[in-house]
Amino acid sequence: MAIGVYYLVSRYKLFKKCTESTDATVVDVISKRHEGENGDYYTEHPVLEYYYCGNVYKQAYDTASAKKYPVGTHLEIKVDPDNPCDFFHAKETASFIIWSSILIIFPIFIMICMIKSM
C-alpha cells in the first residue's frame, strides 16, 4: 500500500507540473542494468526526442517499455515548462489512475478479508 501511495503522490506532482504539450519521437532504445537477488537483469527503455521553446531534448522514458514504443513511434507528451527534462506521456493518465488504485485498494481489501476471517 505504501508503494501505491508513493507512486500516486510522485506521479501526481509530475502531472501538476507538466502543463505544456509537445510531440516526441522515439529515436533510440537504451538498456539499463538492475541488480536483483538472482543476479543482474536488464530493461530496455525508449529514448524520446522532442522540441520545446526552440530547444531539442533527448530523454529516456524510464517508465515505458521499448517493446511498447519502438523506434519511430510518435507520442504526445506534456513537459514541465520550468524543467523541460521532466515529462510524461499524455495518455499515461488513465494507466496511472488504474495502477495507483490497484496498489492502494488491493492491500486494503486483503486486510479486510483477513480481519473477517478471524
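The preceding data block contains the structure.
Just so you know, these numbers come straight off a predicted model, no measurement behind them. (Residues numbered from 1 in each chain as written. Predicted model: local features only at pLDDT ≥ 70, side-chain atom pairs only at ≥ 80, totals over all residues. Heavy atoms only, no water.)

A. Main features of the pattern of salt bridges. If you walk through the whole model with that rule in mind, you get 4 salt bridges. For Lys-17, the salt bridge identified is with Asp-86, shortest N-O distance 3.4 Å. Here Lys-17, found in helix α1 (residues 2-17), pairs with Asp-86, found in strand β5 (residues 83-89); they are 69 residues apart in sequence, far enough to count as distant. Look at Lys-17 and you get partly exposed, because its relative accessible area is 40%. Residue Asp-40 is joined to Arg-33 by a salt bridge in which the shortest nitrogen-to-oxygen separation is 2.9 Å. Here Asp-40 falls in the partly exposed class, since its relative accessible area comes to 46%. In the salt-bridge network here, residues are joined through shared partners; they are Lys-17, Asp-80 and Asp-86. (Salt bridge = Lys/Arg side-chain N within 4 Å of Asp/Glu carboxyl O. Helix = DSSP H or I, 4+ residues; strand = E, 2+ residues; numbered from the N terminus. Buried < 20%, exposed > 50% of the residue type's maximum accessible area, 1.4 Å probe, protein only.)

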